[in-house]
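One-letter residues, chain by chain:
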Amino acid sequence: MRTKIRASLLTFAPALLGCLILSTAAPAQHHQHHQFNGGGMGPDERSGLLEGAGMGLAKAAETNRFPGPLHVLELELLLDLSVEQKAAVEKLRAEVLDEAKVLGAEIVDTEDELYRRFTQRHIDAETLRSLTAKLGKLRGQLRHAHLAAHLATEKLLDERQIDIYYRERGTAAP
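Position numbers for residues count from 1 along each chain, tracking the sequence in the order it is written. In view of the model being predicted, local features appear only for residues whose pLDDT reaches at least 70, and side-chain atom pairs are presented and counted only at 80 or more, with totals across whole chains, interfaces and linings using the full set of residues. Side-chain metrics in this entry use all non-hydrogen atoms of the structure; hydrogen atoms and water are not considered.

### A look at the packing of helix α2 (residues 43-51) against helix α6 (residues 83-119)
Part 1: Orientation of α2 relative to α6, taken along the N-to-C sense of each, is 140°, at an axis distance of 6 Å. In this view, α2 runs oblique relative to α6, as classed from their interaxial angle. Listed contacts from α6 to R46, L49, L50 and E51 of α2 are L97, A100, K101, G104, A105, I107, V108 and D112.
Part 2: Residues of the contact of α2 with α6, tallied by class, amount to 7 nonpolar, 1 polar and 4 charged. Inter-axis angles, ranging from 0 to 180 degrees, are taken between N-to-C directions of lines fitted to C-alpha atoms, where helices are fitted over the stretch in contact. Put simply, DSSP H or I for four residues or longer makes a helix, DSSP E for two residues or longer makes a strand, and each gets a number counted from the N terminus. Oblique is the label for every angle not falling under 35 degrees (roughly parallel), over 145 degrees (roughly antiparallel), or within 65 to 115 degrees (roughly perpendicular). Should any heavy atoms of two residues lie within 4.5 Å, those residues are counted as being in contact. Here the nonpolar group is Ala, Val, Leu, Ile, Met, Phe, Trp, Tyr, Cys and Pro; Asp, Glu, Lys and Arg are the charged ones; every other residue, Gly included, is treated as polar.

Pasting the structure below:
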């Protein structure tokens, strides 16, 4: 009988040990994920904000025949931009990028503060209201900057160029 028990223990012990290791490692990994995720944002969102990326913020414009400056510059040869058009679009692109980077950095800082306050359990209703209102305002300003760039870019192109842009990009609404 002892031999059977010992054989059973030897058979199930590795599986039991594996379960114990996994059950203690899972909470540590879960905690580690939250500890290093940059203020509750994913790494793509964080880097996008800091780099001034559009991140779909101007989709309303892009899908309704208001081209974006970045993609106009990417398609400059196909669009046959004049020297004046190219200079104006480059200027517009630089301006929106500068503004977006500043706003993006402010958003990241505010998101980090919000996350830190929750992590440290040092938050109250008024601080929460203040930080989320600030984030709402900053995110609205960032979206406005990107949409305004599309609005301004559309005025720089003629209808033929806009048609080419949307044929190449394939992003216009039907």
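### Some points on helix α7 (residues 125-156)
Part 1: In a helix, the anticipated span is given by 1.5 Å times the number of residues less one. Spanning 32 residues, α7 covers 47 Å between terminal C-alpha atoms, matching the ideal 46 Å at 1.5 Å per step.
Part 2: Relative accessibility thresholds used throughout: buried, under 20% of the residue-type maximum; exposed, over 50%; partly exposed, between the two (1.4 Å probe, protein chains only). Of the positions making up α7, those classed as buried are L131, L135, L138, L142, A145, H146, A149, H150 and T153.
Part 3: Two N or O atoms count as a polar contact when they lie within 3.5 Å, although within protein this holds only if one can serve as hydrogen donor and the other as acceptor, and sequence-adjacent residues are included solely when both atoms are side-chain atoms. For α7, the N-terminal capping position is held by D124, with its side-chain oxygen 3.2 Å away from the main-chain nitrogen of E126.

### Considering the side chain of D112
Part 1: Take D112: it is sitting in helix α6.
Part 2: Side-chain polar atoms of D112 contact the side chain of R46, separated by 2.7 Å.

### Structural notes on unusual backbone geometry
Part 1: Although it is not a glycine, M55 sits at a positive phi angle of roughly 50°.
Part 2: Locating M55 in the fold gives a position in the loop between α2 and α3 (59-62).
Part 3: Judged by relative accessible area, M55 falls into the partly exposed class, the value being 38%.
Part 4: The phi dihedral of D80 falls on the positive side, at around 55°, and the residue is not glycine.
Part 5: Its location among the elements puts D80 in the loop between α5 (76-79) and α6.

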